Amino acid sequence: MAHRPKRTFRTRRADSSDSDGAEEPSAEPREPAKLAAPSPEEEDPPPGGGRAEAAERPLRGRSPRGRGRVWASSRRPRADRGSGVPDKEYGTHHASESVDDQSSSSDNSSSLDEEFSSLAITNEETSEESQEDENQDIWEQQQMKKAVKITEGRDIDLSHNSEFQTVKKFDTSISFSPVNLEIIKKQLNTRLTLLQDTHRSHLREYEKYIEDVKSSENAVQNLENSSNQALSFKFYKSMKIYVENLIDCLNEKIINIQEIESSMHALLLKQAMTFMQRRQDELKHESTYLQQLSRKAETSANESLAIDENTQRILEELESRRARRRQARALSENCDHQEGTSSDDELSSVDMIDFQKSQGDILQDHKKIFEDVHDDFCNVRNILLKFQQWREKFPNSYYKAFIGFCIPKLLNPLIRVQLIDWNPLKFDSIGLKQMSWFISIEEFMDNSVEDSEKEDSSDKKILSTVINKTIIPQLTDFVEFIWDPLSTSQTTSLITHCRMILEEHSTCESEVSKGKQDLLKSIVSRMKKAIEDDVFIPLYPKSAVENKASPQSKFQERQFWSALKLFRNILLWNGLLPDDTLRELGLDKLLNRYLLIALLNAMPGPEVVKKCNQITAYLPEKWFANSAMRTSIPQLENFIQFLLQSAYTLSKSEFRDKVKEIILILVKIRAMNQAESFIEEYHLDHLKSVINEV
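Attention in this report is confined to the structure presented alongside it. (Residues numbered from 1 in each chain as written. Predicted model: local features only at pLDDT ≥ 70, side-chain atom pairs only at ≥ 80, totals over all residues. Heavy atoms only, no water.)

### A short note on the packing of aromatic side chains
Phase 1: Applying the stated rule across the entire model yields 14 aromatic pairs.
Phase 2: When the ring of Trp 390 is compared with that of Tyr 398, the centres are 6.0 Å apart and the planes differ by 80°; the resulting orientation is edge-to-face.
Phase 3: Look at Trp 390 and you get buried, because its relative accessible area is 11%.
Phase 4: An aromatic cluster is built from Phe 235, Tyr 236, Trp 390, Phe 394, Tyr 398 and Tyr 399, whose rings are joined through pairwise contacts.
Phase 5: The aromatic ring of Tyr 242 is capped on one face by Lys 386, whose charged end is 5.1 Å from the ring centroid.
Phase 6: Directly above the ring of Trp 623 sits Arg 583, whose terminal nitrogen or CZ lies 4.8 Å from the centroid. (Phe/Tyr/Trp six-rings, centres within 6.5 Å; stacked < 30°, edge-to-face > 60°. Buried < 20%, exposed > 50% of the residue type's maximum accessible area, 1.4 Å probe, protein only. Lys NZ or Arg CZ within 6 Å of the ring centre and 35° of its normal.)

### Remarks on the nonpolar core
Phase 1: Judged by nonpolar contacts, the single largest core of 128 residues is most densely connected at Trp 437 and Trp 573.
Phase 2: Once residues within four sequence positions are removed from consideration, Trp 437 is found in contact with Val 380, Ile 415, Gln 418, Leu 419, Leu 432, Leu 463, Val 466 and Ile 471.
Phase 3: Ranked by size, the runner-up nonpolar core spans six residues in total, among them Leu 283, Tyr 540, Ala 544 and Phe 555. (Core = buried A, V, L, I, M, F, W, Y, C linked by side-chain atoms within 4.5 Å. Contact = heavy atoms within 4.5 Å.)

### Digging into the pattern of salt bridges
Phase 1: Across all of its chains, the model carries 26 salt bridges by this definition.
Phase 2: The salt bridge involving Asp 197 is made with Arg 200; its shortest N-O contact spans 2.1 Å. Of this pair, Asp 197 and Arg 200 are both found in helix H5 (residues 181-225), three residues apart, which corresponds to roughly one turn of the helix.
Phase 3: The class for Asp 197 is partly exposed, based on a relative accessible area of 35%.
Phase 4: The shortest N-O distance in the salt bridge between Asp 533 and Lys 529 comes to 2.9 Å. Here Asp 533 pairs with Lys 529, and both are found in helix H15 (residues 510-534), just four residues apart, close to one helical turn.
Phase 5: The exposure class assigned to Lys 529 is partly exposed, which follows from its relative accessible area of 39%.
Phase 6: Through salt bridges that share partners, Glu 286, Glu 319, Arg 322, Arg 326, Arg 329, Glu 339 and Arg 558 make up one connected network. (Salt bridge = Lys/Arg side-chain N within 4 Å of Asp/Glu carboxyl O. Helix = DSSP H or I, 4+ residues; strand = E, 2+ residues; numbered from the N terminus.)

Okay, here's the thing in structure tokens:
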């Protein structure tokens, strides 16, 4: 081990000072690095108090050539070994040369020590001073080489940096936690694991993006290969936007539509209830008044009949309306009218003004519903043209999307708007076939390119679906709440619309059948209610009705013709309602229960025959179309017996010529056996020709 020579503190020559900073040549470029302090085992103190001298004398600085990255040593220098610690860091050789350099350094140190010993003794005093300086430089270089080798042993590769950098001074005041290879290895492994996980995640994302790019490239290629696909995409996109806007518009307007519908329905309902309540009140007051009048006639003819003011007012208003109707019939020369067959649905001038004002306000609101909407979103024809373009350009996608089933739902709000001012009970109401939406749908169906032989074609069901989903519910509401079965004009108009709907546009679908059945049930229910609430034929003593001008006789006549009018209105539903239902309503509940009782209490004569002829005229002809029938339907058995009894009575009176009319009635209702038996029993051979002519 080399020992530091004892040194005298003389002024050193400039060249000797400069030589300390000279850099040793190297074959490879060196990188700047921090020199670690030599370990206690490797550092040897110089002879003759070298420690103190090393501690007191600062190392000569080397000319700086730049500063590099700072690497902290894991060892701190001992306080008592400061003589060998350099205060600056220097460049070093590559770590691969560290082992060889250590061995060579040891040999060189021993040889230099021996030489140093001999030359102290043999050289002259004049060269002793320069030799001492040279030895000092050699010792310092050896110490620096040792520090460089220690640094290289810690795997710091500084051989690739061609510039020498100045390094920071080591701060001995900083305390570092102990570090060993296991900790460093563990940290490196953790870091490696994290990097590997991140790499795998990025790799998966990269693969996904590669697949997306390939898919997009294929889609672009397919679109570029077909020019029609670009047009198709443009059309489908525009159609999607149009349908979305249409649905948004309808969803926004449906609330207003429902409110206006409810307002109009409530107005018509109020009017219908007014007429119904007025008729029932007038019937009750007039009947009560005539009963009191009949009792007074039986007891005393001298006392005047006292009636309350309300009854008096009601009877006066009733008679006033009758007088106006008689005057109107006289002007129209309608002399065949029977009292009691009028609908009596006139409103007072005040009530009429209020009704018209309310209706006008509703219709004004009705016009404002779509005033801010373009025709393409509120006109049925324009909407259907949009879907017709789709059907013509891309029929496959059109039919696969089942657009024919969606169109009725889209058109429902628009059709309901057009039906707000439509009253199927008005005799002059427009027919459904004349409505613009009806015509547009028919044209759309006629232009269908779908196979016309398919009975289940979705386009061919559009109109029937619209009728079932939109029109039938409207009619059902009118029937249940507004229709007056005693009004012939209302009944005739309602039957016209129902016949078109139920006969011309009926299908076998269950949902359509359900809507139809609901409508028919409502019709039957309303007619039953009318029979129970509005039919009333009073019976008075013969003394009270013999005089045709008496109030009792007139009232009885009016009520009979009113019931007969309802009988006719019920049978007008022939072909729409089942025969069993009509026979139950018209024959069992009305003819046998009310009309026949009134006829039995009437005086036989021309008036009775006239009423019987009228009853027969209202019976459906198809009930008696079978020429082989010899006996009429069972529900007419009571009526046939009354006819035979009336014929017998008339044959013995001055009105015997009316017997032939009764025989004709029997023949018409196919009561052939009863007619022949009556002719034979009463020897009316001249009437046999009537039977033979049939």
